[in-house]
Every structure is written in structure tokens, then in C-alpha cells.
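Analysis of the macromolecular model
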Amino acid sequence: MNLDIKAVHFSLHDDAKEYLNKKIERIRNAENMIVDLLITIKKEKDFVADTTVNFRWGVSVHVQESDFELTKAIDKMIDKLEAKITKEKEKVKEKR
């Protein structure tokens, strides 16, 4: 799994990177299905956490969440991402 994390309009401190990596551990069980995990966090009026996941079988999933606090935006994004990955996993199992 290729992991790419970008911060736009602010610098992502070590604490925030550590927090994000800890949250990404929740989806490590799907690591063998994911080719790319691209995360972009933007600072505008609030923090916007934007993620694109590319699966082995060519499907891409896009998730975007925002909040005034960085950690809450990351939490919301990971929750939604985990649900999307689980849904995609179920679709693949049904086709077999």
C-alpha cells in the first residue's frame, strides 16, 4: 500500500502525523486490497480531510470530511473511509 499524506496551507506537525498514522492502523486489515491511499489535509476556514483510495481491482473511493479541529476531521474521515472499505470488500466477496 502506497501512503501519501499532504498538508496544504499549513504544516502538519509530528503530533498530527502520529495521530493520523495511529488512525490509519484501523484500516490495515484491508492493506492487501489497497494500492494507493492518498490523503490531503487543507486548512481553509476549517480543516478539510480529503482521501482517495485506489483498490487492486481498479475501483477508486473518495472521502471528504471537514471540521474546525484537525483531529475531529481526521476521525470523521477515517470512520467514513472504514465504512467505504468494508462496503467495497463485501461487494467483491459477493461477486465471487
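Residues numbered from 1 in each chain as written. Predicted model: local features only at pLDDT ≥ 70, side-chain atom pairs only at ≥ 80, totals over all residues. Heavy atoms only, no water.

Below, the discussion takes up unusual backbone geometry. A positive phi angle, near 70°, is found at H9, a position not held by glycine. Within the fold, H9 resides in the loop between β1 (2-8) and α1 (14-24). Taking the relative accessible area as the measure of exposure, H9 reaches 64% and is therefore exposed. (Helix = DSSP H or I, 4+ residues; strand = E, 2+ residues; numbered from the N terminus. Buried < 20%, exposed > 50% of the residue type's maximum accessible area, 1.4 Å probe, protein only.)

Buried within α1 we find A16, Y19, L20, K23 and I24. Along the long axis of α1, the arc covered by the buried residues comes to 140°, so they all point the same way. In α1, the exposed positions angled more than 90 degrees off the buried face are occupied by D14, D15, E18 and K22. Check the buried side of α1 and you find it contacts β1, β2 (34-43) and α2 (70-95). (Arc of directions from axis to C-beta. Contact = heavy atoms within 4.5 Å.)

Right, let's talk about the confidence of the model for the protein for a bit. Chain-level pLDDT for the protein is 92 on average; 99% of the residues reach the 70-or-more range. Put simply, α2 is where the protein has its lowest mean pLDDT, 91, and strand β4 (residues 60-67) is where it has its highest, 96. (pLDDT = per-residue confidence, 0-100.)

Now for the packing of aromatic side chains. Summed over all chains, the structure comprises two aromatic pairs. The interplanar angle of 75° and the centroid separation of 5.3 Å between the aromatic rings of F10 and F47 together place this pair among those described as edge-to-face. Here F10, found in the loop between β1 and α1, pairs with F47, found in strand β3 (residues 47-55); they are 37 residues apart in sequence, far enough to count as distant. For F47, a relative accessible area of 14% corresponds to the buried category. Ring centres of F55 and W57 lie 5.1 Å apart, and the angle between their planes is 10°; this geometry places the pair in the stacked category. (Phe/Tyr/Trp six-rings, centres within 6.5 Å; stacked < 30°, edge-to-face > 60°.)

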